[in-house]
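# Coordinate inspection notes
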Amino acid sequence: MSLIPSVPIAAIATAPGRGGVGIVRVSGASLAELVRRLFQRELTPRHAHLLPFKTEAGETLDEGLALFFPAPHSYTGEDVLELQGHGGPAVLRRVLQLCLDGGRDMGLRIAEPGEFTQRAFLNGRIDLAQAEAVADLIEATSVAAARGAMASLSGVFSEKVNALADRIVHLRMLVEATLDFPEEEIDFLEKYQARPMLDALSGDLRAIIAQTRQGVILREGLHVVLAGRPNVGKSSLLNALAGDEVAIVTPIAGTTRDKVVQEIHLDGVPLHIVDTAGLRETDDPVESIGIQRTWQEIERADVILHLLDATSGEEQALDADISARLPPDTPVLKVVNKIDLLAATPAAGAVLPISARTGAGLDTLRKALLDIAGWNPGAESPWLARERHLRALNQAEEHLAIAAGHAAMDDRVLDLFAEELRLAHESLSSITGEFTSDDLLGEIFSRFCIGK
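Since the structure is predicted, the reported quantities are computational estimates derived from the model, not experimental observations.

### Observations regarding the sheet that holds strand S9 (residues 269-275)
Ordered in space as S8-S9-S7-S10-S11-S12, the 6 strands form an open sheet in which the pairing is mixed. Both outer strands of the open sheet, strand S8 (260-266) and strand S12 (352-353), are each paired with one neighbouring strand and no more. With 7 bridges joining them, S8 and S9 adopt antiparallel strand pairing. If you follow Ile264 over to S9, its bridge partner there is Leu271. The strands that helix H12 (residues 362-373) touches are strand S7 (222-227), S8, S9, strand S10 (303-309), strand S11 (332-337) and S12; relative to S11, the one it contacts most, it runs at about 175°.

So this is what it looks like as structure tokens:
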């Protein structure tokens, strides 16, 4: 994907399939001539015009609204033409072709995924964090995620990052000025209160990191794998957590042969629950494949729920073997199921007693999952965030910590102090795209849908 907008682009901007309304969007440096060719007239900027969409031969393809947004007051910062007609796939394809034919000599072509938003970023209409929020808003699967994505799109996250970056720039400016005039022989660290300024910066950065971590959890969620021997109630637990019969449950061992994945939300946090084949020795070739896939899912898990059967003791030999093979660095919750079949409910301790059939203990299990995720409802992030944002913030924190180490010495290491401030500033600026590689931009925008 070219990173320099040149030729105009066009695409169907609504989701595939039939709908009441469909949109064809065109963006380019100058589209006034294309507008005249399509409608034999000019369009009043930012006004909706009810017009027929006709071919050069005079055939009417559709009738709908035409809107023209001259640069720079448009989504992309270029001229933008939107044709809003009926949402049938055949109609939209013909209207799109009408635009492509009309702009053939201009080089008008089909847009690549995310290219409209990429042009908005390159033309300074939005920064990179806001551009990513566009995709996050489209993909949001909960009200909390949609609210967080909208907050990020409106610039809440970017404003926090930019304010912190500006304070680092101010401190850098003082340091650089001191380095440029060494003959002044001033005690920079004392005169300009550099240490307290740095401490305040670090404290505010830690607060942003904590909020951003919440935003990452809200966006990414957890990959939770249900593991255990056959007939301990993994499929029943999946159904109980999902509130629906998404997995087949029978008393026959080995019923689940392949993974079953269901997304649920706890306090707005997405959890990707994976039911797997029961772990045991078997000669059945199909079941063996399922067991192999179970171990693959376990290796990918963020959290493992190791289910045990309350009616057969907490630790059978097979359970112990499974426990020994679980990844040592992955959080494991031992869950004892079927407590409804016991005379007395066991106390919670190293294991979580539940009944997937009656729902007993499920609230405690849900809370334990949110605790592992690090989710704090009272400190819910006002914005959605990505792992790359968190990495950049952590890198900035590391550079400020190194700078603090230099500040603990004296003015003889001001050049090292200044360098760490510069690196911290670059880390923060990578979030909004001020310092961002072309490869990263290509990776980000290639994941967008076409037409956005």
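### Things to note about the environment of Gly87
By the element assignment, Gly87 lies in the loop between strand S5 (79-85) and helix H2 (89-102). Each C-alpha atom, one on Gly87 and one on Ala15, is 9.3 Å from the other, the two residues being 72 residues apart in sequence. Not counting residues within four places of it along the chain, the set of residues in contact with Gly87 comprises Gly17, Arg18, Gly19, Gly20, Val21, Gly22 and Leu92.

### Focus on the side chain of Thr330
Among the secondary structure elements, Thr330 is positioned in the loop between helix H11 (317-325) and S11. Excluding its chain neighbours within four sequence positions, the residues that come into contact with Thr330 are Ala301, Asp302, Val303 and Ile304.

### Examining the layout of surface pockets
Looking at the second largest pocket, its volume works out to about 300 Å³. If you go around the second largest pocket, you meet 14 residues; those closest to its centre are Ile12, Thr14, Ala15, Pro16 and Ile450. Secondary-structure elements contributing two or more residues to the lining of the second largest pocket are strand S1 (9-12) and H2. Each residue belonging to the lining of the second largest pocket can be placed in one class, and the counts come to 11 nonpolar, 2 polar and 1 charged.

### Structural notes on the nonpolar core
Formed by 33 residues in total, the largest nonpolar core has its most connected members in Val224, Leu237, Leu271, Ile273, Leu305, Leu333 and Leu365. Here this core spans two domains, and each of domain 2 (138-217 + 386-432) and domain 3 (223-373) adds at least three residues to it. Other than its neighbours up to four places away in sequence, Leu365 contacts Leu237, Leu305, Leu333, Val335 and Leu352. Within the second largest apolar cluster, 30 residues are counted, among which are Leu171, Ala403, Phe417 and Leu428.

Rules used throughout
Residues numbered from 1 in each chain as written. Predicted model: local features only at pLDDT ≥ 70, side-chain atom pairs only at ≥ 80, totals over all residues. Heavy atoms only, no water. Pairing = 2+ DSSP bridges. Helix = DSSP H or I, 4+ residues; strand = E, 2+ residues; numbered from the N terminus. Contact = heavy atoms within 4.5 Å. Axes fitted to C-alpha atoms, helices over the stretch in contact; angles between N-to-C directions. 1 Å grid on protein atoms, 1.4 Å probe; cavity = no way out; pocket = protein on both sides within 12 Å on 5 of 7 lines; lining within 4 Å. Points joined across faces, edges and corners; volume = space filled by probe spheres on them. Nonpolar A, V, L, I, M, F, W, Y, C, P; charged D, E, K, R; others polar. Core = buried A, V, L, I, M, F, W, Y, C linked by side-chain atoms within 4.5 Å. Buried < 20%, exposed > 50% of the residue type's maximum accessible area, 1.4 Å probe, protein only. Domains from an automatic or database assignment.

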